Amino acid sequence: MHKYLTLLLSILLAILSGCAGNTQQPAVNAPSNPVINNAARTASSIEQPRGPAGVSNRIINGRRVALVIGNANYTDPAWPRLRNAVNDANDIAQDLQRFGFEVLKGLDLNKQQMSEKIAAFGRKAGNAEVALFYYAGHGVQIKNRNYLIPMGVSNLSPSYVEAESINLSFPLNEMDDANSKIKIAILDACRTSVPGSAFRGGLSRSGVKDGFAAPDAMVAGTVIVYASAPGKAAADGTGRNGLFTEGLRVALAQKKANLSLDEVLTTASRWVEQKSAGRQTPYVNGPQTLKADFYLAGSAAAEAQQVELERQRVEAAKIAKPDPRIAELEARLARERQQREQEAARRRAAEEKVRQAQAAKLAAERRAEAARKAAAVQQPTLRSKPVPRPVTVTRNHLDTVTSLNNQADLYRTQSQYIKAEILYKRALAIREQVLGPNHPDTADSLDNLAELYRTQSQYIKAEILYKRALAIREQVLGPNHPNTADSLDNLAELYRTQSQYIKAEILYKRALAIREQVLGPNHPNTADSLDNLAELYRTQSQYIKAEPLYKRALAIREQALGPNHPNTADSLNKLARLYDAQGQYAKAKPLYKKALSITAP
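Everything numeric in this text was worked out from a predicted model, so none of it was measured. (Residues numbered from 1 in each chain as written. Predicted model: local features only at pLDDT ≥ 70, side-chain atom pairs only at ≥ 80, totals over all residues. Heavy atoms only, no water.)

**Q** Tell me about unusual backbone geometry, and name the residues and values.
**A** In this structure, Asn144 takes a positive phi of about 65° despite not being glycine. With respect to the helices and strands, the residue Asn144 is situated in the loop between strand S6 (139-142) and strand S7 (145-148). Classification of Asn144 by relative accessible area gives exposed; the value is 54%. The residue Ser415 is not glycine, and still its phi comes out positive at about 65°. When its relative accessible area of 46% is taken as the criterion, Ser415 is described as partly exposed. (Helix = DSSP H or I, 4+ residues; strand = E, 2+ residues; numbered from the N terminus. Buried < 20%, exposed > 50% of the residue type's maximum accessible area, 1.4 Å probe, protein only.)

Dropping the structure here:
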């Protein structure tokens, strides 16, 4: 098992790849590259260089460090609340971790908190191969200088905004001072936020202009990306993510052996232009001095070489000192948790199949007995026992449901949502017909379909199905049954995804109370409920509320599962991440190390 985990970690580290060499940059007016903002160049009368340019692939063994900030819940009317900037930051942070970045993250930060995060980012990015800064939130330009708007800015006078906001040059200079080879700044800012007017440019006011100003001086090795053209506002979006970030995530989700930054930005720009009917075009300014395309995912040969390098590094670490790659450990633990969930789902499916087979066998025996008795009445002189006809599995048989769900699960993991939806609906219809609309198994089918809709951000459809499943379990199993608690968690997670934190908190607390009452306060499932509630508080930066819940979940797992169980390591990492988010690195470090010693001794 440890070999398998080490191999997984090694493959993850193989993502740390890139390329070097010299090639000719594409012309700035190349029609095949929609990332170029022709309108912005005309407005500024400056011919901006297109970057970065692609070259041959090579392995990059250096670190990747990122700072991700999402400001959404503004409280002053001057800066309207953004519906999805926090979601954007959370999702981009996860995507960057998947590509091997060590991620610092901050949500709804005031000026002091933003300044501390940026300074910590600069320290962490020292001599990194790649440093990346991502910001989602309000932003403005004043006198051709660009500013990021933290929480608490209320006065609209230009001088006040300049004094109370973060100048974009701050994070750019931190990356440069850190001596990072490649510096990337991605800014999904200058957003509109009034429903129905996403492209009217509603942030103009005296002394404060729409959109960001085009960069006038670039530090060597820097790429700056705006969600929209200079001087233009960006759409806040109506779904989970802002329009530009949604396009960026679509581009990052490509399954390719070699995925370059240039290809990601081009794909994202085409997606944004198409979705906005040409009303929003992302902007990229990359200096010619970069002279190398940055690859987020490298070739198979590079991965194989990185696996060998990681094997040697792990062997050396056993003798020298503990492995410092905490970010890679977190990503691996997330994969392990997903694997455990998938294994549990497969186990439940297998148990269900056995139960259905036993029920079908019993039904067949009863039909055979009825047929025998009927034949005996019609032919009293017949002494031989009639042979029952074999039972066949029909299109509406319960065994068919298992096959439909298995195939639908496969389609869902491949993002073939239309095919998955058809099969989930068929399975639901069979259970409703055979078992009835209020059977617990029918509730399972409702959950499957609801989860598919939630994955696609079709929250209204998902909410209706989750609520129906919850009502079935409350009626049939009772309001205090553990399965009812599972339904409450499903609905709470849906609300949390939509930032409806009050609704989510009520449901998470109710699920926790059920598990404490039925399973006991020290049961591992009770620890899961504590984690859910703590994660909700952490998402809202309510660290004081989250800490005692994480600590209690850790104590339960250490007592019930043992100090060296993988779930105990998961608890250690969650508590460490909480301290890390608050800058309490002295508390976070020993927890990370202890978790690492459990999963990779």
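**Q** Provide a residue-level description of the sheet that holds S6, including the pertinent values.
**A** Here three strands make up an open sheet; going across it, the order is S6-S7-S8 and the pairing antiparallel. Looking at which strands have only one partner, the edges of the open sheet turn out to be S6 and strand S8 (166-167). Summarising the sheet, S6 and S7 pair through four bridges and their orientation is antiparallel. When the sheet's bridge partners are listed, Gly139 is paired in S7 with Leu148. (Pairing = 2+ DSSP bridges.)

**Q** An account of the packing of aromatic side chains is requested, with residue identities and associated values reported.
**A** To describe a pair of aromatic rings, you give the distance between the ring centres and the angle between the ring planes. One pass over the structure, following the stated rule, counts two aromatic pairs. Between Phe212 and Tyr226 the ring centres are 5.3 Å apart and the planes differ by 55°, which places this aromatic pair in the tilted class. With Phe212 in the loop between strand S9 (182-188) and strand S10 (222-226) and Tyr226 in strand S10, this pair connects stretches of sequence that are 14 residues apart. Exposure remark for Phe212: the relative accessible area of 3% places this residue in the buried category. The rings of Phe212, Tyr226 and Tyr283 are connected pair by pair, giving a single aromatic cluster. (Phe/Tyr/Trp six-rings, centres within 6.5 Å; stacked < 30°, edge-to-face > 60°.)

**Q** Can you explain the confidence of the model for the protein? Please cite residues and give values.
**A** Across the protein, the average pLDDT comes to 78, with 75% of residues at or above 70. A low-confidence stretch, residues 193-206 stays under pLDDT 50, and its non-local contacts, those more than four residues away or across chains, total 30 contacts. Low pLDDT (under 50) marks residues 380-393, which in the prediction has eight contacts with non-local residues, meaning those over four places away or in another chain. (pLDDT = per-residue confidence, 0-100. Contact = heavy atoms within 4.5 Å.)

**Q** Go over the nonpolar core, please, and point to the residues and values.
**A** Of all hydrophobic cores here, the largest spans 142 residues; its most connected members are Phe101, Phe121, Phe133, Tyr135 and Leu248. When near neighbours in sequence (up to four residues on either side) are disregarded, Tyr135 contacts Ile69, Asn71, Tyr74, Met114, Leu148, Ile149, Ile186, Leu187, Asp188 and Ala189. (Core = buried A, V, L, I, M, F, W, Y, C linked by side-chain atoms within 4.5 Å.)

**Q** Break down the sheet that holds strand S12 (residues 283-285) for me, with residues and values.
**A** Here we have six strands laid out as an open sheet, ordered S4-S3-S5-S9-S10-S12, and mixed in their pairing. This sheet does not close on itself; its edge strands, each paired only once, are strand S4 (102-107) and S12. Neighbour to neighbour, the strand axes of the sheet diverge by 10° on average, direction disregarded. In this structure, strand S3 (residues 64-70) lies alongside S4, joined through six bridges in parallel fashion. Along S4, the bridge assignment pairs Ala66 with Val103. This element, helix H6 (residues 169-177), spans strand S5 (130-136), S9 and S10 of the sheet and lies at about 165° to S9. (Axes fitted to C-alpha atoms, helices over the stretch in contact; angles between N-to-C directions.)

**Q** So, empty space enclosed by the protein: which residues are in play, and what are the values?
**A** Per the counting criterion, the structure on display carries four cavities of 30 Å³ or more. Lining the largest cavity are 14 residues, and of these Leu96, Leu132, Ile186, Leu252 and Leu296 lie nearest its centre. Mapped by element, the contributors of at least two residues to the lining of the largest cavity are helix H3 (85-98), S5, S9, helix H7 (243-252) and helix H8 (261-275). With three residues, H8 is the single largest residue contributor to the lining of the largest cavity. Here the residues of the lining of the largest cavity are counted per class, giving 14 nonpolar, no polar and no charged. (1 Å grid on protein atoms, 1.4 Å probe; cavity = no way out; pocket = protein on both sides within 12 Å on 5 of 7 lines; lining within 4 Å. Points joined across faces, edges and corners; volume = space filled by probe spheres on them. Nonpolar A, V, L, I, M, F, W, Y, C, P; charged D, E, K, R; others polar.)

**Q** Could you give an account of the side chain of Asp95, with specific residues and numbers?
**A** With respect to the element layout, Asp95 can be found in helix H3. Accessibility expressed as a relative area gives 6% for Asp95, which makes it buried. A distance of 2.8 Å separates the side chain of Asp95 from the side chain of Arg249, its partner in a polar contact. Ignoring anything within four residues of it in the chain, the contact list for Asp95 reads Arg249 and Leu252. (Polar contact = N/O pair within 3.5 Å; in protein donor to acceptor, adjacent residues only side chain to side chain.)

**Q** Can you lay out the pattern of salt bridges for me, pointing to particular residues and giving the numbers?
**A** Applying the stated criterion to the full structure yields 30 salt bridges. Among the salt bridges present, the one from Asp95 reaches Arg249, with a minimum N-O distance of 2.8 Å. On the criterion of sequence distance, the pair formed by Asp95 in helix H3 and Arg249 in helix H7 is long-range, its members being 154 residues apart. When its relative accessible area of 26% is taken as the criterion, Arg249 is described as partly exposed. (Salt bridge = Lys/Arg side-chain N within 4 Å of Asp/Glu carboxyl O.)

**Q** Lay out the side chain of Asn573 in plain terms, naming residues and giving numbers.
**A** Within the element layout of this structure, Asn573 appears in helix H19 (residues 566-581). Residues contacting Asn573, with those up to four places away along its chain left out, are Leu329, Glu330, Leu333, Tyr592 and Ala595.

**Q** Could you give an account of the pairing of S10, with specific residues and numbers?
**A** For S10, the tally of buried residues reaches five of five residues, placing the bulk of the element in the interior. With burial as the criterion, each face of S10 is covered, one bearing Thr222, Ile224 and Tyr226 and the other bearing Val223 and Val225. Pairing between S9 and S10: five bridges, direction parallel. Counted as the bridge partner of Ile184 is Val223 from S10. Strand direction decides the pairing type here: S10 and S12, joined by three bridges, are antiparallel. Following the sheet pairing, Ile224 is matched in S12 by Asn285.

**Q** So what about helix H11 (residues 398-413)? Which residues, and what values?
**A** Taking 1.5 Å of rise per residue, 16 residues should cover 22 Å, and H11 covers 23 Å from first to last C-alpha, within 8% of that figure. Taken residue by residue, H11 has Leu398, Thr400, Val401, Thr402, Leu404, Asn405, Ala408 and Tyr411 as its buried positions. Backbone geometry just after H11 places Ser415 at a positive phi near 65°. (Expected span 1.5 Å × (residues − 1).)

**Q** For helix H18 (residues 543-560), give the residues involved together with the corresponding values.
**A** Between its first and last C-alpha atoms H18 spans 26 Å; for 18 residues at 1.5 Å apiece the expected length is 26 Å, and the two agree. Of the positions making up H18, those classed as buried are Tyr543, Ala546, Leu549, Tyr550, Ala553, Leu554, Ile556 and Arg557. Along the axis of H18, the buried residues cluster in a sector spanning 160°; they form a single face. Along H18, exposed side chains directed more than 90 degrees from the buried face belong to Ile544 and Gln559. Buried residues belonging to H18 abut helix H17 (524-539) and H19. Directly beyond the C-terminal end of H18, a positive phi value near 105° is found at Gly562. (Arc of directions from axis to C-beta.)

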